[in-house]
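# Results of the structural survey
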Amino acid sequence: MLFLSMLLPTAHAEEAIPEPAHELPDGFCYVHELIDDVILDIRYAGHHNFVGDVIDGYEAPYAILTNEAAQRLKEAADEFREMGYRVMIFDAYRPQSAVKHFVRWAGIADDMRMQEEFYPEYKKKILLVDQGYIARNSSHCRGSAVDLTITDLDGNALDMGTGFDYFGKLAWHGAKGVTEEQAANREILCSVMEKHGFRRFDHEWWHYKLVGEPFDEGFNFPVR
């Protein structure tokens, strides 16, 4: 049973994921082929993201990972399920063309459409130059990084204190200003992901990268 969600974090709806008609490069797989109850909320394939547009390289809302990362994520998803949770993925493999799109967008000073939701504390140029939220070289392009959260078994996302891609200190691990429940939810996500071979990124509660990822260089095949 495969599910796709393209709604706001507070909304909830699911529909079947159509099977992709596309052969991936060697070493990669579609996550939903391993985790049959995964929820895909692939933000860069739609308009609900910090840019406000469909991002270059995202032709369909699928999550792709290296075989190694997908297998470890499946192990984590199995444990989450035993705990009463499901995995919801916001992003996984990211084409290099998408990273270039982010960098171009950061240079357009008057495009602030999504500031209120995603980066209220910063101006756009600071996101790229000073704070490092927009990297010129992303670990996602190597296919072993995943942005995710967990939901209850009905697909309702746990409260993590901020939404995905919130650029600010409230999204950091150990952030001041989150509630005890929100901190506990982040710890559930973190403890299981790290148990199964992923390393957290301290400034984004949703971002995890496989330890010992198989590829050193990034890729640029489309998500489709």
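Throughout what follows, the structure given in this document is the object of discussion. (Residues numbered from 1 in each chain as written. Predicted model: local features only at pLDDT ≥ 70, side-chain atom pairs only at ≥ 80, totals over all residues. Heavy atoms only, no water.)

Moving on to the pattern of salt bridges. The full count for this structure, using the stated rule, is 15 salt bridges. Close ionic contact of Arg81 with Asp37 constitutes a salt bridge, the shortest N to O distance being 2.9 Å. Of this pair, Arg81 sits in helix H1 (residues 67–83) while Asp37 sits in the loop between strand E2 (28–30) and strand E3 (39–40), and the two are 44 residues apart along the sequence. A residue is classified by how much of its surface remains accessible, and Asp37, at 13% relative accessible area, is buried. The salt bridge partner of Asp147 is Arg94, with a shortest N-O separation of 3.6 Å. On the criterion of sequence distance, the pair formed by Asp147 in strand E6 (residues 145–152) and Arg94 in the loop between strand E5 (85–91) and helix H2 (96–106) is long-range, its members being 53 residues apart. Connected through salt bridges with shared partners, the residues Asp37, Lys74, Asp78 and Arg81 form a single ionic network. (Salt bridge = Lys/Arg side-chain N within 4 Å of Asp/Glu carboxyl O. Helix = DSSP H or I, 4+ residues; strand = E, 2+ residues; numbered from the N terminus. Buried < 20%, exposed > 50% of the residue type's maximum accessible area, 1.4 Å probe, protein only.)

Here we take up the side chain of Ser139. Relative to the elements of secondary structure, Ser139 occurs in the loop between helix H4 (124–129) and E6. Residue classification places Ser139 among the buried positions, given a relative accessible area of 14%. Sequence-distant contacts of Ser139, that is, excluding residues within four places in its chain, are made with Ser144, Ala145, His207, Lys209 and Glu213. (Contact = heavy atoms within 4.5 Å.)

Moving on: the environment of Ala45. Looking at the secondary structure, you find Ala45 in the loop between E3 and strand E4 (64–66). With a relative accessible area of 18%, Ala45 lands in the buried category. Sequence spacing of Ala45 and Glu116 is 71 residues, and the spatial spacing of their C-alpha atoms is 21 Å.

The next thing to look at is the environment of His101. Locating His101 in the fold gives a position in helix H2. Residues His101 and Ala77, spaced 24 residues apart in sequence, show a C-alpha to C-alpha distance of 31 Å. Filtering out sequence-adjacent residues up to four positions away, His101 remains in contact with Val51, Val54, Ile55 and Asp56. Among the polar contacts made by the side chain of His101, one reaches the main-chain amide nitrogen of Asp56 at a distance of 3.0 Å. (Polar contact = N/O pair within 3.5 Å; in protein donor to acceptor, adjacent residues only side chain to side chain.)

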